[in-house]
Amino acid sequence: MAEPKLTAREKAQVAGYVARMCKRGIAGEHVYQGDLERKVERVIDGARKREERTARNQK
């Protein structure tokens, strides 16, 4: 599935989560990062739903 086009806010959120994942990665390889990965997926899923909704409304 193609990645949705992210808004500026969504890009900033994902960048913040990735930065936090990097910071945790520096702490050690056995540090749990699943919570941040789920947050990134939630942002991307929201962007997909938004694109579907706008495509449906433009018809």
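Rules used in this analysis
Residues numbered from 1 in each chain as written. Predicted model: local features only at pLDDT ≥ 70, side-chain atom pairs only at ≥ 80, totals over all residues. Heavy atoms only, no water. Axes fitted to C-alpha atoms, helices over the stretch in contact; angles between N-to-C directions. Helix = DSSP H or I, 4+ residues; strand = E, 2+ residues; numbered from the N terminus. Parallel < 35°, antiparallel > 145°, perpendicular 65-115°, else oblique. Left-handed = near helix turned anticlockwise from the far one by under 90°. Contact = heavy atoms within 4.5 Å. Expected span 1.5 Å × (residues − 1). Buried < 20%, exposed > 50% of the residue type's maximum accessible area, 1.4 Å probe, protein only. Arc of directions from axis to C-beta. Polar contact = N/O pair within 3.5 Å; in protein donor to acceptor, adjacent residues only side chain to side chain. Core = buried A, V, L, I, M, F, W, Y, C linked by side-chain atoms within 4.5 Å. Salt bridge = Lys/Arg side-chain N within 4 Å of Asp/Glu carboxyl O.

Two elements in contact, helix H1 (residues 8-27) and helix H2 (residues 34-57), have axes whose closest approach is 9 Å; the angle formed by their N-to-C orientations is 165 degrees. The pairing of H1 with H2 is recorded here as roughly antiparallel in orientation. Relative to H2, the crossing made by H1 is left-handed. For the pair formed by H1 and H2, the contact residues are Glu10, Gln13, Val14, Tyr17, Arg20, Met21 and Arg24 on the first element and Asp35, Leu36, Glu37, Lys39, Val40, Val43, Ala47 and Arg50 on the second.

With 20 residues, H1 extends 29 Å between its outermost C-alpha atoms, agreeing within 8% with the 28 Å of an ideal straight helix rising 1.5 Å per residue. Turning to H1, its buried residues are Glu10, Val14, Tyr17 and Met21. Taken down its axis, H1 places every buried residue within 65 degrees of arc, on the same side. Every exposed residue of H1 that faces more than 90 degrees away from the buried side is listed here: Ala8, Arg9, Lys11, Lys23, Ile26 and Ala27. Elements in contact with the buried residues of H1: H2. Backbone geometry just downstream of H1 places glycine 28 in the positive-phi region, at approximately 160 degrees.

The subject of this paragraph is the side chain of glutamate 10. Locating glutamate 10 in the fold gives a position in helix H1. Assessed through its relative accessible area of 12%, glutamate 10 is described here as buried. A distance of 2.9 Å separates a polar side-chain atom of glutamate 10 from the backbone nitrogen of threonine 7. Not counting chain neighbours up to four residues away, the residues in contact with glutamate 10 comprise Lys5, Val43, Ala47 and Arg50.

Further remarks concern the nonpolar core. Within the largest apolar cluster, seven residues are counted, these being Val14, Tyr17, Met21, Leu36, Val40, Val43 and Ile44. Elements with a contribution of two residues or more to this core: H1 and H2. The element best represented in this core is H2, accounting for four residues.

Right, let's get into the pattern of salt bridges. Taken as a whole and judged by the stated rule, the model has four salt bridges. Note that glutamate 3 and arginine 48 form a salt bridge whose closest N and O atoms lie 3.7 Å from each other. With glutamate 3 in the segment before H1 and arginine 48 in helix H2, the pair connects residues that are 45 residues apart, well separated along the chain. Each of Glu3, Asp45 and Arg48 takes part in one network of salt bridges that share partners.

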